Amino acid sequence: MTRISVLGATGRVGRALLDMIAKAPDLTLAEAISARGDGGRVVPLRGAGLDGADVLVDFSTPEGTLRLLDRLGNNAMPLVIGTTGFSDQQAARLRAEGERRPMLVGANFTKGFEDFAAAARALATALPGSAVTVGEIYNEKKKPAASGTTLRLSRELGAACGHDIATDIQRIGDTPGVNTVTVDYGVATIRLELSVRSREAYAAGSLDAARWLVDRPNGFYEPKDMIS
């Protein structure tokens, strides 16, 4: 039985995680933690504490994640990080943490996303002169800045086709997530779309990542490492 702590347990993905852990025959909840409050304060909600967990899944805020790392100290607990929006300095700290624990950091844990991204890269490489647009639709409460998913796709597709990538950012209703890549090469247009039905898609993928990570050696991992 794998014992999992959840940081960001009061958020939408966090609540989905708690529900899925309760229903999974091979998982049990060690600690539910909120990162809400002044400065992203890490607040235990219930459970046995971090010493009682095999792995922690984090869907909180950059501030909450960093405070978690401070709280862990030399505790080498494996971490699955689904939080996005880290500054370059914060991202560097996450990478450095891989020296003391297994760390898996991803912008999108939806099953199939890595294949979606690979198909987009293949198109951008095959059609280098095309106009490429990365689009996203999320719920209206999400920050208007491009998501970690869009930033990653834009970076990788720009490298593949050798020019800047356009973005189309939309916030509509309670949309859990739609990611698109449009490749326009004049005589035709190709459009790839990944649309999740609920936030359980992110929760389920991150729990698969937790199962995969728990017995790994120290290091910094990404979701694509799970399929390599």
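The shown structure was predicted, so the numbers you read here are calculated from the model rather than taken from an experiment.

1. Brief notes about the pairing of strand β10 (residues 189-195)
Where a strand is regular, its side chains alternate between the two sheet faces.
Stage number 1. Taken together, the 7 bridges between strand β9 (residues 178-184) and β10 define a ladder with antiparallel strand orientation. In the sheet register, Asp184 faces β10, and the bridge partner there is Thr189.

2. What to know about the nonpolar core
Stage number 1. In terms of nonpolar packing, the biggest core is built from 27 residues, with Ile4, Val6, Leu17, Val57, Val80, Leu104 and Leu207 touching the most fellow members.
Stage number 2. The element that contributes the greatest number of residues to this core is helix α6 (residues 200-213), accounting for 7 residues.
Stage number 3. In this view, Val6 contacts Gly14, Leu17, Leu18, Ile21, Leu29, Glu31, Ala32, Ile33 and Val57; residues no more than four positions away in its chain are not counted.
Stage number 4. The next biggest cluster of nonpolar side chains, apart from the first, holds 18 residues, and it includes Ala30, Ile33, Leu69 and Leu94.

3. Let's talk about the sheet that holds β9
Within a sheet, neighbouring strands are paired by backbone hydrogen bonds and run either parallel or antiparallel to one another.
Stage number 1. In spatial order, the strands read β8-β7-β9-β10; together these 4 strands make up an open sheet with mixed pairing. Each edge of the open sheet is held by one strand with a lone partner, namely β8 (166-171) and β10. The average undirected angle you get between the axes of adjacent strands in this sheet is 15 degrees.
Stage number 2. Two strands pair when backbone bridges link them, and strand β7 (residues 131-138) and β9 are joined in this way by 7 bridges, in the antiparallel orientation.

4. With respect to the pairing of β7
Stage number 1. Strand direction decides the pairing type here: β7 and β8, joined by 6 bridges, are parallel. Within β8, the position partnered with Ile137 by the bridge is Gln170.
Stage number 2. Regarding topology, helix α5 (residues 148-161) serves as the crossover connection from β7 to the parallel β8, and that connection is right-handed.

5. Remarks on the side chain of Asn139
Stage number 1. For Asn139, the location among the structural elements is in the loop between β7 and α5.
Stage number 2. The buried category is assigned to Asn139, whose relative accessible area is 11%.
Stage number 3. At 2.9 Å, the side chain of Asn139 and the backbone nitrogen of Lys141 are in polar contact.
Stage number 4. Asn139 has contacts with Arg12, Arg171, Ile172, Gly173, Asp174, Thr175 and Arg199, leaving out every residue within four places of it along the chain.

6. Points about the packing of aromatic side chains
Stage number 1. On inspection of all chains with the given rule, the structure shows 3 aromatic pairs.
Stage number 2. Ring plane angle 85 degrees and centroid distance 5.4 Å describe the contact between Trp212 and Tyr221, whose orientation is recorded as edge-to-face.
Stage number 3. A residue is classified by how much of its surface remains accessible, and Trp212, at 18% relative accessible area, is buried.
Stage number 4. One cation-aromatic arrangement involves Lys142 over Tyr138; the distance from NZ or CZ to the ring centre is 5.2 Å.

7. Things to note about the packing of helix α4 (residues 113-126) against α5
Stage number 1. Contact geometry for α4 and α5: axes closest at 8 Å, N-to-C directions at 30 degrees. Accordingly, the angle class assigned to the pair α4 and α5 is roughly parallel. Pair α4 / α5 crosses with right-handed handedness. Residues Phe113, Glu114, Phe116, Ala117, Ala120, Arg121, Ala124 and Thr125 of α4 touch α5, and the partners they reach there are Thr149, Arg152, Leu153, Glu156, Leu157, Ala160 and Cys161.
Stage number 2. Taken together, the residues of the contact of α4 with α5 break down into 9 nonpolar, 2 polar and 4 charged.

8. Digging into the confidence of the model for the protein chain
Stage number 1. Looking at the protein chain, pLDDT values average 92 and 93% of them are 70 or higher.
Stage number 2. Scored below 50 in pLDDT, residues 37-41 makes 11 contacts in the model with residues more than four places away or belonging to other chains.

Conventions adopted
Residues numbered from 1 in each chain as written. Predicted model: local features only at pLDDT ≥ 70, side-chain atom pairs only at ≥ 80, totals over all residues. Heavy atoms only, no water. Pairing = 2+ DSSP bridges. Helix = DSSP H or I, 4+ residues; strand = E, 2+ residues; numbered from the N terminus. Core = buried A, V, L, I, M, F, W, Y, C linked by side-chain atoms within 4.5 Å. Buried < 20%, exposed > 50% of the residue type's maximum accessible area, 1.4 Å probe, protein only. Contact = heavy atoms within 4.5 Å. Axes fitted to C-alpha atoms, helices over the stretch in contact; angles between N-to-C directions. Right-handed = clockwise from strand over helix to strand, strands pointing away. Polar contact = N/O pair within 3.5 Å; in protein donor to acceptor, adjacent residues only side chain to side chain. Phe/Tyr/Trp six-rings, centres within 6.5 Å; stacked < 30°, edge-to-face > 60°. Lys NZ or Arg CZ within 6 Å of the ring centre and 35° of its normal. Parallel < 35°, antiparallel > 145°, perpendicular 65-115°, else oblique. Left-handed = near helix turned anticlockwise from the far one by under 90°. Nonpolar A, V, L, I, M, F, W, Y, C, P; charged D, E, K, R; others polar. pLDDT = per-residue confidence, 0-100.

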